[in-house]
Amino acid sequence: MDSSLIFEKTAAGEEAMHQRTRVVQRNQRMVLILVDGKSSVAELCTRAGNMEMVERALAELEQGGFIQARAESASAWEQRRQAVREIGSAALEQVSQFSTFSQKPAETKARRSDPPAASRTDGSSSPPAAARAEPGLADLPVEDISIFGLEPDFNPPPVAPAAAEPRGGFFSALLTGKGSPDKVHIKPIRRGNREPALGWPARIGLAAGALAVLLGLLVFLFPYERYRPELEASLSRLAGQPATVGALRVSFSPRPALELDNVRVGVDGHALRIGAVRLVPTLSALAGGDPVFRELRIAGASVPAEMLGVLASVFGSGISGSNLRFERVILEGLALDLGGLTLPAMDGEVQRAADGSFATLNLQTPGHSLQLTAQARDAAFALTLEGSNWRLTNASPWLFDSLVVKGVLQGRAFAISEMELRLLDGIVHGTARVGGEASPLLSGSIDFERISARRFGQALGLGELLAGDIDGRLQFVARAAEWSDLPAALEGSGSVAVKRGSVIGIDLAEAARRVSKKAVVGGSTRFELLTANLRLTPDLVRFNPLVVSSGLMQSVGRLDVDRQLRLSGAIDIEMKGTNRLRVPMSFAGTLRSPELDLR
């Protein structure tokens, strides 16, 4: 199809524009509307976006007489006939060069143009006058051309004319195949390699892709670091303490978010440190609305006790006095320091009250062995610790079968009002206070029952020194410059009682029977009851009086254990019976290798 053809509507086409019944097919009517007498076939195809549909519709409209080629441009039929003439002329020249039977085209034309000799009035068959102009080969119709250049000598019988067919155009002949058998069908020559036109969906997709690439480059190349000082100043003002941000960037995986790295609020030693902060905005915030974030995720935070309030006020619900809000606050790997008692890293979430303020902080270890709940109470937090099968550290010998600790955290002080610990086959109840504003402080009072003496010695790293169940009471206090120095500064007093046990490493009965100046080493002493008053000082632990009751034997004395685990003290061993025997002995050696010497 020649894409340069220009069609215009005929009278029938104009009438069909006003009568929908004339052109029923939708494609034909659409193309008929597009035909304006100015646009070429190529332009019509571009408008419609479907070249094959437009060409078929044009052919059908031309066959139906609704459109025709413009008068100033050759119609499709005339262009076809001109192409046939040129091809026939070229073919005849090639054949005439090699054929001995061919005649000059002028002679053939003359013979065909003159009437037969029998029909001339003078009976002669003279040729036409020389002055008569001879038409060229291009002016001859295709049916008048013979490849041998001669006419047959006989007149063919007349043939009845075929029924007249509706006049169709060039497109009609191509589609229906009803052209005359003596006419050559020439495929229109296309000029240039015209690419198929893009439809509107493809154009919209390309535009959207280009816009996405442009936005991506804008986001990645945006100078976020330029706004980091302003962000640090805002955090400092809100927290009331110096704040720094290590890095500021934007990420898109798994969702678009603003990320802050190495955030620190406060001074060294008492600073809130956060490894990473991730803020995921809502769609309205991305569209330019209020700064509302769907999710705030805090990872790798180390929170001193006094900074928990800052964490709750700044990140718990939003910034007071502004439109900044967080719909959800998630914590990952948060380590809370309760006045020197550092809890392991926990994960959790912040729950808010109906007015959006901070209400509850829920944390738990990855294995759910320890759970913490912090509820806001004015300027303090009510804390509840619950755990089962929990150790202070993975390598710690102190395994808590269960624990429940309740108290109030205010500033750096954690006041424990209720404590129940189940460990070493026994149970511990008590109260305590951890932390202080001036210096580290640990104080409290505990009662313990059925504590395994064997497991207690193993937990202390001393081995099996005593067997039995320990009951007792202890009041203690410790104050030091550093938290690590508190155990060495521990002081206290109390009492202990061990029922139905044994002392391992000392044989009191053998020492009384031998009555020798040589030290007695090894053995064991079984007893029904061992009692002692306990005194703790930074330098030693004193059991005084120490009473051991074992059948007919009763021993009373004093035992001191210093920081190097060396033993000192004295004990009187008394054997009851008809012959009462009393043997004074003294303690020596170490706690792991005790000795008894006769005084």
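Quantities reported herein were computed from a predicted structural model and do not represent experimental measurements.

About the cut-offs
- Residues numbered from 1 in each chain as written.
- Predicted model: local features only at pLDDT ≥ 70, side-chain atom pairs only at ≥ 80, totals over all residues.
- Heavy atoms only, no water.
- Helix = DSSP H or I, 4+ residues; strand = E, 2+ residues; numbered from the N terminus.
- Buried < 20%, exposed > 50% of the residue type's maximum accessible area, 1.4 Å probe, protein only.
- Contact = heavy atoms within 4.5 Å.
- Areas by Shrake-Rupley, 256 points an atom, 1.4 Å probe, with all protein chains shown as cover.
- pLDDT = per-residue confidence, 0-100.
- Salt bridge = Lys/Arg side-chain N within 4 Å of Asp/Glu carboxyl O.
- Pairing = 2+ DSSP bridges.
- Core = buried A, V, L, I, M, F, W, Y, C linked by side-chain atoms within 4.5 Å.
- Axes fitted to C-alpha atoms, helices over the stretch in contact; angles between N-to-C directions.
- Parallel < 35°, antiparallel > 145°, perpendicular 65-115°, else oblique.
- Left-handed = near helix turned anticlockwise from the far one by under 90°.
- Nonpolar A, V, L, I, M, F, W, Y, C, P; charged D, E, K, R; others polar.
- Phe/Tyr/Trp six-rings, centres within 6.5 Å; stacked < 30°, edge-to-face > 60°.
- Expected span 1.5 Å × (residues − 1).
- Polar contact = N/O pair within 3.5 Å; in protein donor to acceptor, adjacent residues only side chain to side chain.

Draft legend 1. Representation of the overall build of the protein within the structure. Along the backbone of the protein there are 13 helices and 26 strands. In the protein, which comprises 599 residues, the proportion classed as buried is 36%. Across the protein, the fraction of contacts at a sequence separation of at least 24, relative to all contacts at a separation of at least 6, is 47%. Here the protein has roughly 34,700 Å² of accessible surface; of this, 55% comes from carbon and sulfur atoms.

Draft legend 2. Highlighting the confidence of the model for the protein. Of all residues in the protein, 71% attain a pLDDT of 70 or more, and the chain-wide mean is 75. When mean pLDDT is compared element by element in the protein, strand 16 (residues 426-434) scores highest at 93, while helix 6 (residues 105-113) scores lowest at 42. Long-range and interchain partners of residues 159-184, a stretch whose pLDDT sits below 50, account for 34 contacts in this model, where long-range means more than four residues apart.

Draft legend 3. Local environment of the pattern of salt bridges. Summed over the entire model, instances satisfying the criterion amount to 18 salt bridges. With a closest N to O distance of 2.8 Å, R473 and D447 form a salt bridge. Note that R473 is positioned in strand 18 (residues 466-479) and D447 in strand 17 (residues 441-452), a separation of 26 residues in sequence. What makes D447 partly exposed here is its relative accessible area of 31%. Taking the shortest distance from any N to any O, the salt bridge between E464 and R454 comes out at 2.4 Å. With E464 in the loop between helix 12 (453-459) and strand 18 and R454 in helix 12, this pair connects stretches of sequence that are 10 residues apart. Its relative accessible area of 38% is what places E464 among the partly exposed residues.

Draft legend 4. Seen up close, the pairing of strand 13 (residues 380-391). Here strand 12 (residues 370-377) runs beside strand 13; their pairing, made up of 8 bridges, is antiparallel. Looking at the pairing, A374 lines up with L383 of strand 13. Hairpin connection from strand 12 to strand 13: 2 residues lie between these consecutive antiparallel strands, with D378 at a positive phi of about 55°. Pairing geometry for strand 13 and strand 14 (residues 399-410), over 10 bridges, is antiparallel. Its bridge partner being in strand 14, A382 is matched across the sheet by V408.

Draft legend 5. Up close: the nonpolar core. Grouped together as the largest cluster of nonpolar side chains are 90 residues, with contacts concentrated most on V303, L338, L372 and L596. Once residues within four sequence positions are removed from consideration, L372 is found in contact with L336, L338, L343, M346, L361, N362, L363, T384 and L385. Core analysis: the next-biggest nonpolar cluster, separate from the first, contains 16 residues, A16, V35, L61 and I67 among them.

Draft legend 6. Up close: the packing of helix 1 (residues 11-18) against helix 2 (residues 26-34). Packing of helix 1 against helix 2 leaves a shortest axis separation of 11 Å and a crossing angle of 115°. Put simply, helix 1 runs roughly perpendicular to helix 2. Judged by the twist between their axes, the crossing of helix 1 over helix 2 is left-handed. In this structure, helix 1 contributes G13, A16 and M17 to the contact, and helix 2 contributes R29, L32 and I33. When its residues are assigned to classes, the contact of helix 1 with helix 2 shows 4 nonpolar, 1 polar and 1 charged.

Draft legend 7. Up close: the pairing of strand 4 (residues 257-265). Strand direction decides the pairing type here: strand 3 (residues 243-251) and strand 4, joined by 8 bridges, are antiparallel. Paired with T244 across the bridge in strand 4 is R264. Here strand 3 hands over to strand 4 after 5 residues, the two strands then running antiparallel side by side. As judged from the 7 bridges shared by strand 4 and strand 5 (residues 272-281), these two strands associate in the antiparallel manner.

Draft legend 8. The packing of aromatic side chains, seen in detail. Evaluated as defined, the whole model comprises 2 aromatic pairs. A centroid spacing of 6.3 Å and a plane angle of 70° characterise the contact between W398 and F456, whose relative ring orientation is edge-to-face. Here F456 lies in helix 12 and W398 lies in the loop between strand 13 and strand 14, a separation of 58 residues in the sequence. Assessed through its relative accessible area of 25%, W398 is described here as partly exposed. Given the relative accessible area of 33%, F456 is considered partly exposed.

Draft legend 9. How the structure looks around the side chain of E259. Positionally, E259 belongs in strand 4. If we ignore the near neighbours within four places in the chain, the residues touching E259 are A247, L248, R249, S251, V277 and R278.

Draft legend 10. Quick look at helix 4 (residues 51-63). The end-to-end C-alpha distance of helix 4 is 19 Å, a good match for the 18 Å that 13 residues give at a rise of 1.5 Å each. All of the buried residues in helix 4 are M53, V54, E55, A57, L58, A59, L61 and E62. Sitting at the amino-terminal end of helix 4 is N50, which places a side-chain oxygen 3.4 Å from the backbone nitrogen of E52. Once helix 4 finishes, G65 follows within two positions and takes phi at roughly 85°, a positive value.

Draft legend 11. Broad picture of unusual backbone geometry. P545 follows N544 through a cis peptide bond whose omega is -5°. Positionally, P545 belongs in strand 22 (residues 540-550). Unlike most non-glycine residues, N389 shows phi in positive territory, near 50°. Along the chain, N389 falls in strand 13. Using a relative accessible area of 57% as the deciding quantity, one classes N389 as exposed.

Draft legend 12. Expanded view of the environment of V277. Relative to the helices and strands, V277 resides in strand 5. Residues V277 and A301 lie 24 residues apart in sequence; the distance between their C-alpha atoms is 9.4 Å. Each residue touching V277, except ones within four places of it in the same chain, is listed here: L258, E259, L260, V263, L296 and R297.

Draft legend 13. Geometry of the side chain of D572. Within the element layout of this structure, D572 appears in strand 24 (residues 567-575). There is a polar contact of 2.9 Å between the side chain of D572 and the side chain of R582. Other than its neighbours up to four places away in sequence, D572 contacts Q554, S555, V556, R582, V583, P584 and R599.

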